[in-house]
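Coordinate analysis (summary)
So the chains spell out like this:
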Amino acid sequence: MKKLINNPEDVVKEELKGIALAHPDLVKVKFDPDFIVRADAPVKGKVALVSGGGSGHEPMHGGFVGMGMLDAACPGAVFTSPTPDQMLEATKAVDGGAGVLHIVKNYTGDVMNFEMAADLARGEGIEVESVIVDDDVAVEDSTWTAGRRGVGLTVLMEKIVGAAAEEGRSLQACAELARKINAQGRSMGMALTSCTVPHVGKPSFDLPEDQMEIGIGIHGEPGRHRIPLEPADKITEMLVEPVVSDLPFKEGDEVLLFVNSMGGTPLIELYIVYAKAVELLEAKGIKVVRHLIGPYITSLEMAGTSITLLKMDEDLLKLWDAPVKTAGMRWGI
Amino acid sequence: MAILRDDVLNWVRDYAQVIEDNHEMLTELDRVIGDADHGANMRRGFKAVMEKLPSVEDKDIGTILKTVGMTLLSKVGGAGGPLYSTLFMKAGMSLGAKMEMDVNDWAKALEAGILGVATLGKAQLNDKTMLDALYPALDALKAAIADGASTGNALKKSAEAAHAGMLATIPLIAHKGRASYLGERSAGHQDPGATSTTLLLESVAKTWMDC
């Protein structure tokens, strides 16, 4: 294992220390239990958004804390759900009296821990709503599995619902908006290489040099199939087709196209994927009206990409374009 | 014979050592069909339990087990955190203020813990989870008690049934947790959760052998 780390056990704490030193204008970092909150939290009268999950997906979620996006993020150990005490303290720290929305990616651990935290917070008199993100079309059989995973759409949901909360919308309205986004967004990812969890010290799965895994999750969970490597255009097709046909996205739809790096894939390659994805979508009469390109929901150093499509409307466009000021996403200010 | 509070403390200490000795094996099982964190998470949790234990050593069995559960909840994370936490907390609630118990009390406590795990995890037998070790262990324990077995023998039978249940997870296709995404590829691998719960019940049988 070759990594820029000290003791593998200290990776998350040391990262948080760096975040605290780098962005004191945006966030405050709390330790034991660990969480990141907006520097100006709690914002009185505003619905607060709390998310969280295992570490190793940076900039998600900690990098999305700030004006126009999340109010708090709870980082777990690498690829491990955070614990209810973190979520409870974060929820209390951001509650500005208008309620708190938990944005939860659909993983067994995340769902269980957030469920317990929401119960504890309600017990302390805080109004909490939870929304589950499960946009990964790679999981075909959701009856006999833990269900579809929450992946790329999480980033878009956090941005858009964050803007809605900033605008002063109610907890119910924010939760409904989040559910609408979940209903009209879909993702699929692929990996060229595996990744190594620091405290494990060896790759999460073995992927030979000439093979790729289509439909990968963000923790190296396997996808639909493992096949020989293909050129970027062909890979892009393998991701776009299942995403489009699942919803399905139709002729005349206007979409946001999000091309994400799993961490190890450089921008130069993401733009190649983007160009092909736009071509494929246009051929179907689907219009790309907004885009996001870059490493936003990563899987440590894994090489690979994911594609997310979200069907847009006037309201979503306005909220997407609204100002955001976080370490990981910033515009309109 | 009775299972005393000190026996319960010794069991928790023994299991913490078992986790310390086996965390790499558990993580390796999880690496193959999950997300390679089960051993590391349990190790972090039981290290914290060992730090916390001295503060409740003079309390009743229920308090001790609930404290173990609360500590695991805040330290383990993942799905294992809430599930193990529930197992210990529900067992602790069932035992309440007892300073000693008999094997019937233990069977009831285990049953309460297992019910908690099943409710929270929404898993069924043969979903390739910790329940595949826990259910057979409970059935064997009850059957041994009904047959008039000694405490030591009943616990041994229970641990053996857990072990058999753990091995029986190997051919199963996972329907819960991260392993479920593998579908048929999860078959042929032993479930990490069923493994750590088997170690837990083996630790019980070993520590309470002469009770």
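All values derive from a computational prediction rather than experimental measurement. (Residues numbered from 1 in each chain as written. Chains lettered and ligands numbered in written order. Predicted model: local features only at pLDDT ≥ 70, side-chain atom pairs only at ≥ 80, totals over all residues.)

1. Description of the overall build of chain B
To keep it simple, the criterion reads: Helix and strand assignments follow DSSP, with helices taken as H or I runs no shorter than four residues and strands as E runs no shorter than two, numbered in order from the N terminus. Note that the radius of gyration is over C-alpha atoms, with the globule rule given as 2.2 Å times the number of residues to the power 0.38. Exposure classes come from backbone-placed C-beta atoms, where a residue is buried if 20 or more other C-beta atoms lie within 10 Å of its own, exposed if 12 or fewer do, and partly exposed in between. Note that contacts rest on C-beta atoms placed from the backbone: two residues are in contact if these are within 7 Å.
From N to C terminus, chain B includes eight helices and two strands. A globule of 211 residues ought to have a C-alpha radius of gyration of about 17 Å, and chain B, at 16 Å, matches this closely. By principal-axis analysis of the C-alpha atoms, chain B measures approximately 45 × 40 × 30 Å. The buried share of chain B, taken over its 211 residues, is 60%. Of the contacts formed within chain B by residues at least 6 apart in sequence, a portion of 66% connects residues at least 24 apart.

2. Side note on the overall build of chain A
When its secondary structure is counted, chain A shows eight helices and 15 strands. When the backbone C-alpha atoms are referred to their principal axes, chain A occupies close to 50 × 50 × 40 Å. Within chain A, the fraction of its 333 residues that count as buried is 56%. Pairs at least 24 apart in sequence give 72% of the contacts found in chain A among residues at least 6 apart.

3. Regarding the sheet that holds strand β4 (residues 66–67) of chain A
Residues and elements named next belong to chain A. This is how it is decided: Two strands are said to pair when DSSP picks up at least two bridges between them.
Ordered in space as β4-β14-β15, the three strands form an open sheet in which the pairing is antiparallel. In this open sheet, the two edge strands, each paired with only one partner strand, are β4 and β15 (330–331). Where strand β14 (residues 324–326) lies against β15, two bridges are found, and the strand directions are antiparallel. Note on β15: the bridge partner recorded for Val324 is Trp331.

4. Some words on the nonpolar core
Just so we agree on the cut-off: Nonpolar cores are built from buried Ala, Val, Leu, Ile, Met, Phe, Trp, Tyr and Cys residues. These are joined into a set through C-beta atoms within 7 Å.
One finds A:Ala72, A:Leu101, A:Val161, A:Ala178 and B:Ala137 to be the most contacted residues of the largest nonpolar core, which totals 160 residues. When near neighbours in sequence (up to four residues on either side) are disregarded, A:Val161 contacts A:Leu49, A:Leu101, A:Cys174, A:Leu177 and A:Ala178. Formed by eight residues, the second largest nonpolar core is a distinct cluster that contains A:Val11, A:Ala77, A:Val197 and A:Val200.

5. A word on the pairing of strand β12 (residues 287–294) of chain A
All names here are of chain A. Condition: Handedness of a crossover: with both strands directed away from the viewer, a clockwise path from the first strand across the helix to the second marks it as right-handed.
The pairing of strand β11 (residues 254–261) with β12 spans seven bridges and is classified as parallel. Paired with Asn260 across the strands is Gly294, a residue of β12. Regarding the hand of the β-α-β motif, the stretch spanning β11, helix α7 (residues 267–283) and β12 is right-handed.

6. Things to note about the interface of chain A and chain B
Facing the 27 residues of chain A at the interface are 25 residues of chain B. In terms of residues, the side of chain A that touches chain B owes the most to one element, helix α3 (residues 108–123) of chain A, which gives five residues.

7. A word on the packing of helix α1 (residues 5–33) of chain B against helix α3 (residues 61–75) of chain B
Residue and element names in this part refer to chain B. Let me state the cut-off plainly: Interaxial angles span 0 to 180 degrees and are taken between N-to-C directions of axes, which are lines fitted to C-alpha atoms, for helices over the stretch in contact. In what follows, roughly perpendicular refers to angles from 65 to 115 degrees, roughly parallel to angles under 35, roughly antiparallel to angles over 145, and oblique to any angle outside these ranges. Less than a right angle of anticlockwise turn of the near helix away from the far helix marks a crossing as left-handed, whereas a clockwise turn marks it as right-handed. When residues are sorted by character, Ala, Val, Leu, Ile, Met, Phe, Trp, Tyr, Cys and Pro go into the nonpolar class, Asp, Glu, Lys and Arg into the charged class, and all the rest, Gly among them, into the polar class.
Between α1 and α3, the least distance of the axes is 10 Å, while the angle of their chain directions is 15°. On the basis of their axis angle, the class for α1 and α3 is roughly parallel. With respect to the hand of their crossing, α1 and α3 are arranged in right-handed fashion. Here Arg5, Val8, Leu9 and Val12 of α1 come into contact with α3, specifically with Ile61, Ile64 and Val68. Looking at the contact of α1 with α3, its residues break down into six nonpolar, no polar and one charged.

8. Digging into helix α6 (residues 232–246) of chain A
All names here are of chain A. Rules: A helix is expected to reach a length of 1.5 Å times the quantity of its residues less one. What the arc describes is the spread of directions from the helix axis to the C-beta atoms.
Taking 1.5 Å per residue as the helical rise, α6 with its 15 residues ought to reach 21 Å, and the 22 Å between its terminal C-alpha atoms agrees with that figure. Those residues of α6 that sit buried are Ile235, Thr236, Leu239, Val240, Val243 and Val244. Down the axis, α6 shows its buried residues gathered within 150° of arc, on one side only. Turned more than 90 degrees away from the buried face of α6, the exposed residues are Lys234 and Ser245. If you follow the buried residues of α6, they end up packed against β8 (185–191), α7 and β13 (304–311).

9. So, the sheet that holds strand β3 (residues 48–55) of chain A
Residue and element names in this part refer to chain A. In spatial order, the strands read β1-β2-β5-β3-β6-β7; together these six strands make up an open sheet with mixed pairing. Of all strands in the sheet, those with a lone pairing partner are β1 (27–30) and β7 (128–133), marking the two edges. Along the sheet, successive strands turn relative to each other by an average axial angle of 20°, direction set aside. When β1 meets strand β2 (residues 35–38), the two strands line up antiparallel, connected through four bridges. Across the sheet, Lys30 pairs through a bridge with Phe35, a residue of β2.

10. Quick look at unusual backbone geometry
The peptide bond linking A:Glu58 to A:Pro59 adopts the cis configuration, its omega dihedral lying at 10°. Of note, the bond from A:Leu247 into A:Pro248 is cis; its omega dihedral lies within 30 degrees of zero at -10°. Structurally, A:Pro248 is set in the loop between α6 and β11. Non-glycine residue B:Ala36 carries a positive phi angle of around 60°. Position of B:Ala36 relative to the elements: it lies in the loop between α1 and α2 (38–52).

11. Structural notes on helix α5 (residues 171–183) of chain A
Residues and elements named next belong to chain A. Between its first and last C-alpha atoms α5 spans 18 Å; for 13 residues at 1.5 Å apiece the expected length is 18 Å, and the two agree. Every buried residue belonging to α5 is among Cys174, Ala175, Leu177, Ala178, Ile181 and Asn182, and all of these are buried. The buried side chains of α5 occupy one side of the element, clustering within an arc of 160° when seen end-on. At its buried positions, α5 is contacted by β6 (100–105), β7, α4 (153–166), β8 and β13.

12. Examining the pairing of β3(A)
Residues and elements named next belong to chain A. The buried fraction of β3 amounts to eight of the eight residues, a majority that puts the element mostly inside the structure. Strand direction decides the pairing type here: β3 and β6, joined by four bridges, are parallel. Each residue of the ladder has a partner; that of Ala48, found in β6, is Val100. Sheet analysis places β3 next to strand β5 (residues 72–78), joined by five bridges and oriented parallel. Paired with Ser55 across the strands is Val78, a residue of β5.

13. Regarding the environment of B:Leu72
Residue placement: B:Leu72 occurs in helix α3. Residue classification places B:Leu72 among the buried positions, given that 29 C-beta atoms sit within 10 Å.

Everything listed here is a matter of geometry and, on its own, says nothing about what the molecule does.
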